[in-house]
Amino acid sequence: SILPKYRGPAPIQWAIINGEIETGVTTIIMNEGVDSGYIILPMNQEWLSCSGCRRLASQEKVKIQDSDTSGSLSERLAVIGAGLVLETIGRIKSGDFRKIIQNEKEVSYAPLLNKKMAQINWALSAVKIHNLVRGLTPWPIAYSSLLNIPIKIYETEVCEGDGNNYVDNKNNYGKIVLVIKNKGLLVETGKGKLIVKKIQTPGKTIITVDEYIKGNAITIGTK
């Protein structure tokens, strides 16, 4: 994470779940606290340019793409983090660094994930549910049920142009309003509509909704 934000065991996941537009990697001098050590910065604090990111020597920021899951973002940050470690070690070796105390007023915590939080509350907005699905992929995976069958949801998309549609009727939350060919199920949420694109039923592989409906009838209005 970009410390002091998102200290703890799941910073990438919570950055996505909370709808952040960027995250990154920070190198610190470890202490007995949780990610609370001194941030290692160069003597010169000017931002350096790099491909698709911003770098402040031992702290590097990247944009979170709308298509990112915690899995794909973790892979990108792993590569960036490896380079950042080498750069930081070089600066420590040459003496071109200084220690910066983290601003405690800006601290936030990223707690462990659990399966209980993965159950989708369709009264939330389409954007929040979309972020939850992305943040919980590849674990523990957001889930719901369809025709009394538990389903894991791996990919969604917010229906464009529908973000201001507030549904003040709990009977509509989670209702399928359209089956979009070659795309997925259009589902009503507390605010806006969400397209459910990839799912997994018990004992089966991950498939597109398009593949699923070839062998399973879906009725409009099903919740």
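Given the structure is predicted, the values throughout are model-derived calculations rather than measurements. (Residues numbered from 1 in each chain as written. Predicted model: local features only at pLDDT ≥ 70, side-chain atom pairs only at ≥ 80, totals over all residues. Heavy atoms only, no water.)

### With respect to the pattern of salt bridges
Step number 1: Following the criterion strictly, the structure yields 11 salt bridges and no others.
Step number 2: A salt bridge links Glu-104 to Arg-7; its shortest N-O distance comes to 3.0 Å. In this pair, Glu-104 sits in the loop between β7 (98–100) and α3 (126–135) while Arg-7 sits in the segment before α1 (11–17), placing the two residues 97 residues apart along the sequence.
Step number 3: By relative accessible area, which is 52% here, Glu-104 ends up exposed.
Step number 4: Given a relative accessible area of 8%, Arg-7 falls into the buried group.
Step number 5: Ionic pairing is found between Arg-91 and Asp-96, a salt bridge with its closest N-O pair at 2.4 Å.
Step number 6: Classification of Asp-96 by relative accessible area gives partly exposed; the value is 27%. (Salt bridge = Lys/Arg side-chain N within 4 Å of Asp/Glu carboxyl O. Helix = DSSP H or I, 4+ residues; strand = E, 2+ residues; numbered from the N terminus. Buried < 20%, exposed > 50% of the residue type's maximum accessible area, 1.4 Å probe, protein only.)

### Description of α3
Step number 1: Within α3, eight of the 10 residues are buried, leaving the element largely enclosed by the surrounding structure.
Step number 2: Among the residues of α3, Ala-126, Ile-129, His-130, Asn-131, Leu-132, Val-133, Arg-134 and Gly-135 are the ones counted as buried.
Step number 3: Buried residues along α3 sit against α1, α2 (70–94), β8 (142–146), β9 (149–158) and β12 (193–200). (Contact = heavy atoms within 4.5 Å.)

### So, unusual backbone geometry
Step number 1: The step from Thr-137 to Pro-138 runs through a cis peptide bond, and the omega angle for that step is 20 degrees.
Step number 2: By the secondary structure assignment, Pro-138 is in the loop between α3 and β8.
Step number 3: With an omega of 5 degrees, the peptide bond running from Trp-139 to Pro-140 counts as cis.
Step number 4: Within the secondary structure, Pro-140 sits in the loop between α3 and β8.
Step number 5: Even without being a glycine, Asn-148 presents a positive backbone phi close to 65 degrees.
Step number 6: With respect to the helices and strands, the residue Asn-148 is situated in the loop between β8 and β9.
Step number 7: A residue is classified by how much of its surface remains accessible, and Asn-148, at 78% relative accessible area, is exposed.

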